[in-house]
Number of protein chains: 2
Amino acid sequence: MNVYIAGVGSTKFGVLPDRTLQSIAAEAARAAIADSNIPPARIGCVFVGNFVGGIMTGQELLGPIIAADLGLSNVAAVKIEAACASSSAAARIAYDLIRAGAEDVVLVIGVERLTGASRHALTTAMTAAIDQGTEGAAGLTFPAFWAMVMARHMHLYGTTREQVAAVTVKNRQFGVRNPLAQFQKQVTPDEVLASPPISDPIRRFDCCPATDGAAALVLTNQTLAKHYGSPAVRIAASVLVNGPARITDYDEITVHDGTVHAASRAYEIAGVGPEDINIAELHDCFSVAEIVDSEDLGFFAKGEGGPAAAGASSVRNSKLVINPSGGLLSKGHPTGATGCGQIYEVVMQLRGRHPNQVPNARLGLTHNGGGTAAAVTVHILESLR
Amino acid sequence: MNVYIAGVGSTKFGVLPDRTLQSIAAEAARAAIADSNIPPARIGCVFVGNFVGGIMTGQELLGPIIAADLGLSNVAAVKIEAACASSSAAARIAYDLIRAGAEDVVLVIGVERLTGASRHALTTAMTAAIDQGTEGAAGLTFPAFWAMVMARHMHLYGTTREQVAAVTVKNRQFGVRNPLAQFQKQVTPDEVLASPPISDPIRRFDCCPATDGAAALVLTNQTLAKHYGSPAVRIAASVLVNGPARITDYDEITVHDGTVHAASRAYEIAGVGPEDINIAELHDCFSVAEIVDSEDLGFFAKGEGGPAAAGASSVRNSKLVINPSGGLLSKGHPTGATGCGQIYEVVMQLRGRHPNQVPNARLGLTHNGGGTAAAVTVHILESLR
């Protein structure tokens, strides 16, 4: 059965100090339900993608609490967690349930509250996605992981500091026009290079910020989407795989097996290739991640992501625009919400209603990673216009 | 498509101070996989039911980490959370995926580590299942919730302190012979009544303990279970519903809508009634909960649960045995693991291999609740012998 995204909703991503997890989740959910034209009573499942609601706010059981806030009773409501890929993983399970006919309408919500905590508390929360029995105990953090990836990528492929900085410059430029983005301010290459060191060679402007936010999707089948006149987009593929859960399990730290496998499976299911994709919202938690991911997703050969980011002619897919939302670097990274937020952005592009509209966008891809690429989702979405 | 439980596994429930979440989860999972006879490579999804791994141990991303420990790659691995009903909720989603043909084999693991923390830390963790924006901020705890339920039940129906104590006495008696149980020691009615007050009228021996443990299930379809010769049990119904998420939303605190609705839907799907059930593993987090739940599940009329627990003749279903595992009161309550643990116990009964074997057990029911009955699952399992 064809699976459609019938409606989408999102709060602003940013610093929302006066809002609870519950209230921003409900705001995004109500917007998505209204957008879909589907009566709330048709919803059979509520999946809440969330990573560290427990650690950061002391709140779990978000499924039933948010469902109750939305006036939904007797639905199957749970939280689904896969670190920074939580809500796209939830979308994958919802997709499977609808595709097979087990459910008719599933509400998928991504939500996180990360601001207002100390740096120490935030780092402790984020490293919950690193195995505390091994690499967590050894002190590994995500800036350190990506710094190792970046140093290795520069060593192996001659990627330059300037090429990596170009990712931030591009994504910040896109962020200027995205009203949902946490950062709506341009930066220059010199500002990136002069920003304070975080974990060498990563500097502050190479990092996405900590963010509060929520985004939501209503998934349904083709029949109901047509019946209710939903402004639908088709899910051509939805894939979730696990990759190595520890960096010591990597053969080569610049190749993320989870992304490679998720992408190849998604292309096969959708019957398309990386050369067919018009827009990609990929997981640029750090600027170098966009380079690595764009290679692992097949957009560029391994080692060509750096020159491609800097606008060099090695670009394989000249019609592709990467992170026209501004990406995590501009929109911010409300971890549990990011996956649904990426899908929100691609849906808006495929409807032709995005503030940074890519002309004639017909096929969009989202890529969302949890941990050290230990959980990876790839979605391919197709315009029905 | 008929959905079967092809294999089950469990660690001992109790105080496991030297074990990580990951290691006990993997132990239960390996046992379930071996029990099923199904090759691990057939597993497409790994669902880890867990409530407070983040708050208590700082560990999230349990899906990919445990999948990697089991040598599984490119599977869809996530954590599913619904407070104390986390792993039975995960089983419900796995059931739906297999029933509809979206997946062939799903590994469902429940796991929790609760011991070793201060009482304050444990209470903080448990109240993550209460809305922190309302009743959590007001100081509500689970002993207080169930104390209100118990006081009201005594007031409305004349339930006596002795009848409630009889639940603990019965379940502790069953626990003596269950090697997986945390408590394997009998208690007398006088010992229950003389135990220290916790939240009046609840006393210490009315409460289940905090527990470490893991249990796992391998779910598959009829075809594969037969192909691999699995010692299978059929899932006749698997239901998850949300009930009121705040006690202020209850019409009557001694009637838990979530349980009533989940049970009536499960009986309808399975085509049976409460009078057909031979064994029930229900959520006796406090002794009075067994009385309330046994009424809401339809085993006794409302108000008759107390006399029934005390062995009076008002028992509607004389062939029914409740919590022959010893229940949460004896086995302990490793919150995220409890749902799978209950299913483990019923499967062993339906295979005729339980230490407290109920003769001719053919139909078993599990009931698992999260929060103030905000998330409720009911499973009905059928013997294939």
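You'll find the structure just up there.
Residues numbered from 1 in each chain as written. Chains lettered and ligands numbered in written order. Predicted model: local features only at pLDDT ≥ 70, side-chain atom pairs only at ≥ 80, totals over all residues. Heavy atoms only, no water.

To continue, consider the overall build of chain A. From N to C terminus, chain A includes 14 helices and 12 strands. In terms of overall size, chain A behaves like a compact globule, its C-alpha atoms giving a radius of gyration of 19 Å where 385 residues would be expected to give roughly 21 Å. Here chain A holds 385 residues, and the buried ones make up 67% of them. Put simply, chain A shows about 11,900 Å² of open surface, and 53% of that area lies on carbon and sulfur atoms. (Helix = DSSP H or I, 4+ residues; strand = E, 2+ residues; numbered from the N terminus. Rg over C-alpha atoms; globule rule 2.2 N^0.38 Å. Buried < 20%, exposed > 50% of the residue type's maximum accessible area, 1.4 Å probe, protein only. Areas by Shrake-Rupley, 256 points an atom, 1.4 Å probe, with all protein chains shown as cover.)

On to the relation of the copies chain B and chain A, then. In screw terms, the move from chain B to chain A is a rotation of 180 degrees and a rise of 0.0 Å along the axis, fitting with an RMSD of 0.0 Å. What the rotation and shift describe, once combined, is the action of a two-fold rotation axis. (Least-squares fit on C-alpha atoms with pLDDT ≥ 70 in both.)

This paragraph deals with the interface of chain B and chain A. The figure often quoted for interface size is the accessible area lost as the parts come together. Contact residues are listed per partner, giving 54 residues for chain B and 54 residues for chain A. In total, chain B and chain A occlude about 4,100 Å² of area from one another, counting both sides; carbon and sulfur atoms represent 55% of this. When the area that chain B buries against chain A is broken down by residue, the three leading residues are Leu-61, Asn-74 and Asn-242 of chain B, summing to 17%. Run the count over chain B and chain A and you get 4 salt bridges. Between Arg-246 of chain B and Asp-69 of chain A there is a salt bridge, with the nearest N and O atoms lying 2.9 Å from each other. There are 28 residue pairs in polar contact (both at pLDDT 80 or more) connecting chain B and chain A. Taken together, the elements giving at least two residues each to the side of chain B that touches chain A come down to helix H2 (53–57), helix H3 (62–69), strand S3 (76–81), helix H4 (86–99), strand S8 (233–242) and helix H10 (257–270) of chain B. Of the residues belonging to the side of chain B that touches chain A, the class tally is 30 nonpolar, 13 polar and 11 charged. The sheet contact formed by strand S3 (residues 76–81) of chain A and S3 of chain B spans 3 bridges and is antiparallel. Each residue of the ladder has a partner; that of Glu-81 of chain A, found in S3 of chain B, is Lys-79 of chain B. (Contact = heavy atoms within 4.5 Å. Buried area = accessible area lost by both parts, 1.4 Å probe. Salt bridge = Lys/Arg side-chain N within 4 Å of Asp/Glu carboxyl O. Polar contact = N/O pair within 3.5 Å; in protein donor to acceptor, adjacent residues only side chain to side chain. Nonpolar A, V, L, I, M, F, W, Y, C, P; charged D, E, K, R; others polar. Pairing = 2+ DSSP bridges.)

What follows covers the packing of helix H6 (residues 142–157) of chain A against helix H11 (residues 287–296) of chain A. All names here are of chain A. In the contact formed by H6 and H11, the axes pass within 10 Å of each other and the chain directions differ by 65 degrees. Classed by the angle they form, the pair H6 and H11 counts as roughly perpendicular. Between H6 and H11 the crossing geometry is left-handed. Between H6 and H11, the residues in contact are Trp-146, Val-149, Met-150 and His-153 and Val-288, Ala-289, Ile-291, Val-292, Asp-293 and Glu-295, respectively. Grouping the amino acids of the contact of H6 with H11 by side-chain chemistry returns 7 nonpolar, 1 polar and 2 charged. (Axes fitted to C-alpha atoms, helices over the stretch in contact; angles between N-to-C directions. Parallel < 35°, antiparallel > 145°, perpendicular 65-115°, else oblique. Left-handed = near helix turned anticlockwise from the far one by under 90°.)

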